[in-house]
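Architecture and fold: a report
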Amino acid sequence: MKKKILIVIGVLSLFLFLFPESKVSASVNNKTQNLGEKTIEFSELSEEQQTYFLYEGFDENNQYFQQTIIQQPATEGTLQQRVQANVLFITGSTKKITSTSAYTSYVINSSNAPILRTDTRVTLSGYKSFSSSVIPYNSPYVSSGGIYSSYTGAEKYFSVSLASQITTTMGPGAADCRAGGVTLGN
């Protein structure tokens, strides 16, 4: 138990050193720790993420948001399996497509455990949610996608949030973050 706590403290310390502006919350009793959400610049995205967002029609002028989650391994298994943690990142951004529709694109990265399934939801604040479920081919360490949302009422600004239940070979993990904002309506 002491080793596990020291590993979590070490990972949290490293994260705080690398990202001092992030909000951090952690729970030793849960199997996942939420290391906070942050707004990131296009230049801070990985090369793979930049390529994906450019392909999706986004650019350096869009806002990008990222959430970091640490999955703790189950207590069963070998010592190596118990010590190894998995870091999940979800990165998202939203852009307006037409006066009544928007598109939220996201990339989910998993550091040490292949992704088996993602159940992702985009919510327009105070209105409704739009969702997508994906079972990625060949259990990759990166999964990406996008969700369209629409609103046909009177013109209104919506804050957009992105939430995903990510199932890896280490089990489920939940990540959520802002994904920008958009004005929609007639």
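Before any of the text, the structure's been laid out above.
Here the structure is a predicted model, which is why all the values come from computation and not from measurement. (Residues numbered from 1 in each chain as written. Predicted model: local features only at pLDDT ≥ 70, side-chain atom pairs only at ≥ 80, totals over all residues. Heavy atoms only, no water.)

Helix and strand counts for the protein chain come out as three helices and nine strands. Starting at the N terminus and walking to the C terminus, you meet the elements of the protein chain as α-β-α-β-α-β-β-β-β-β-β-β. Counting across all 186 residues of the protein chain, residues that qualify as buried make up 42%. Contacts in the protein chain between residues at least 24 apart in sequence constitute 64% of all its contacts with a sequence separation of at least 6. Of the roughly 9900 Å² of accessible surface on the protein chain, a fraction of 53% belongs to carbon and sulfur atoms. (Helix = DSSP H or I, 4+ residues; strand = E, 2+ residues; numbered from the N terminus. Buried < 20%, exposed > 50% of the residue type's maximum accessible area, 1.4 Å probe, protein only. Contact = heavy atoms within 4.5 Å. Areas by Shrake-Rupley, 256 points an atom, 1.4 Å probe, with all protein chains shown as cover.)

Another aspect to go through is the nonpolar core. Ranked by internal contacts, the top residues of the largest apolar core, which has 22 residues, are Leu124, Leu162 and Leu184. For this core, the secondary structure elements donating two or more residues are β2 (64–71), β3 (86–98), β4 (101–110), β5 (115–124), β8 (156–168) and β9 (171–184). Take this core: its biggest share by element is five residues, from β9. The next biggest cluster of nonpolar side chains, apart from the first, holds nine residues, and it includes Tyr52, Tyr64, Tyr103 and Val107. (Core = buried A, V, L, I, M, F, W, Y, C linked by side-chain atoms within 4.5 Å.)

Here we come to the pairing of strand β6 (residues 129–134). Bridging between β5 and β6 involves six bridges; their strand directions are antiparallel. Each residue of the ladder has a partner; that of arginine 121, found in β6, is serine 131. (Pairing = 2+ DSSP bridges.)

What follows is about the environment of glutamine 63. Examined against the element boundaries, glutamine 63 turns out to sit in the loop between α2 (47–55) and β2. You can call glutamine 63 partly exposed: its relative accessible area is 49%. Ignoring anything within four residues of it in the chain, the contact list for glutamine 63 reads Gly92, Ser93 and Gly180.

The next subject is unusual backbone geometry. For asparagine 138, which is not a glycine, the phi torsion comes out positive at approximately 70 degrees. Structurally, asparagine 138 is set in the loop between β6 and β7 (142–150). Asparagine 138 gets classed as exposed once you look at its relative accessible area, which sits at 63%. The phi dihedral of serine 139 is positive, around 45 degrees, even though this residue is not glycine. A residue is classified by how much of its surface remains accessible, and serine 139, at 31% relative accessible area, is partly exposed.

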